[in-house]
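# Breakdown of the fold
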Amino acid sequence: MKILIYTTHSHNCGNVSLMSAPNHNMYAFTHGYDLMREFCSYEELQTKMPKILSLLEWYDAIFMLDADTLITNFSKKLEDICGMGEDVILCEELLGPHTQINCGVVMLNSTERTKEFCREIDREKPNWETLPHVWQSYINANLDRLPVKVMPARTFNSVIHPVNSYWEEGDFIVHFCGHGGGAPGTNPLMSEFVEKHGFYF
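In short, a report on the structure. (Residues numbered from 1 in each chain as written. Predicted model: local features only at pLDDT ≥ 70, side-chain atom pairs only at ≥ 80, totals over all residues. Heavy atoms only, no water.)

On to the sheet that holds strand β7 (residues 148-151). One open sheet accounts for 6 strands, arranged β2-β1-β3-β6-β5-β7; its pairing is mixed. With partners counted over all chains shown, the strands left at the sheet margins are β2 (34-40) and β7, one partner each. Going across the sheet, the axis of each strand differs from the next one's by a mean of 25 degrees, ignoring polarity. Across the face of the sheet, helix α5 (residues 112-123) comes into contact with β5 (88-92), β6 (101-109) and β7 while running at roughly 135 degrees to β6. The strands that helix α7 (residues 134-141) touches are β3 (61-66), β6 and β7; relative to β6, the one it contacts most, it runs at about 80 degrees. (Pairing = 2+ DSSP bridges. Helix = DSSP H or I, 4+ residues; strand = E, 2+ residues; numbered from the N terminus. Axes fitted to C-alpha atoms, helices over the stretch in contact; angles between N-to-C directions. Contact = heavy atoms within 4.5 Å.)

There is a patch of nonpolar side chains on the surface, built from Met26, Phe29 and Tyr200 and spanning about 360 Å² of accessible area. Residue methionine 26 is classed as partly exposed on the basis of its relative accessible area, which comes to 32%. (Patch = residues over 30% accessible without salt bridge, like charges linked within 9 Å, V, L, I, M, F, W, Y side chains within 5 Å. Areas by Shrake-Rupley, 256 points an atom, 1.4 Å probe, with all protein chains shown as cover. Salt bridge = Lys/Arg side-chain N within 4 Å of Asp/Glu carboxyl O. Buried < 20%, exposed > 50% of the residue type's maximum accessible area, 1.4 Å probe, protein only.)

Within the structure shown, the criterion is met by 12 salt bridges. Note that glutamate 112 and lysine 115 form a salt bridge whose closest N and O atoms lie 3.6 Å from each other. You can see glutamate 112 and its partner lysine 115 sitting in helix α5, 3 residues apart, about one turn around the helix. Given the relative accessible area of 56%, glutamate 112 is considered exposed. Residue lysine 115 is classed as buried on the basis of its relative accessible area, which comes to 8%.

To continue, consider α7. With 7 of its 8 residues buried, α7 lies for the most part within the structure. Those residues of α7 lying buried are Val134, Trp135, Gln136, Ser137, Tyr138, Ile139 and Asn140.

Before going further, it helps to spend a moment on helix α8 (residues 188-197). Among the residues making up α8, those that are buried are Met190, Phe193 and Val194. For α8, the arc enclosing every buried residue in end-on projection is 95 degrees, short of the 170-degree limit, so these residues lie on one face. Exposed residues lying more than 90 degrees from the buried face of α8 are Glu192, Glu195 and Lys196. Where α8 is buried, its residues meet α1 (15-31), β4 (69-71) and β9 (173-175). (Arc of directions from axis to C-beta.)

Here's what the structure looks like:
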């Protein structure tokens, strides 16, 4: 399979990007995956579906990662995640009643239903851009009809967050889900994690 790791970094990510970039680079190099990292404003991040659609013509799957994630088990391969569902695969979120899912880590298998999913997200932007969690809120509200497979939280999106933490050693990915209580561009919880565990797993 030809798989792309696609990660986006808004301009105010600061040292969060400095922590995640070498981790993502090494994981991609270890397994021979392509990696694309984009730096843009947060507003621009909400307009990436047309680009994802074009990339799906070249790849069997695209693994979308937020900047505030670290891959914490290099022995696990993305091909295994691709096999967990036919089209779009993501994980549940356990941070409160506001949503059932988290879109910080998403696997997109290159199928016609996935492509139509991307077109719909782009088309419906006026309806979700003012929602609390933008397109994640839209997907959450339409889970019953979208081609989305929701996996248990720790499958590939374990979280360390002030509200709730459920990452355990051996999990595939840790996601810090935002600023973590620090100044803009920082994440004290992520910094503490890297100081303790390092970048490479």
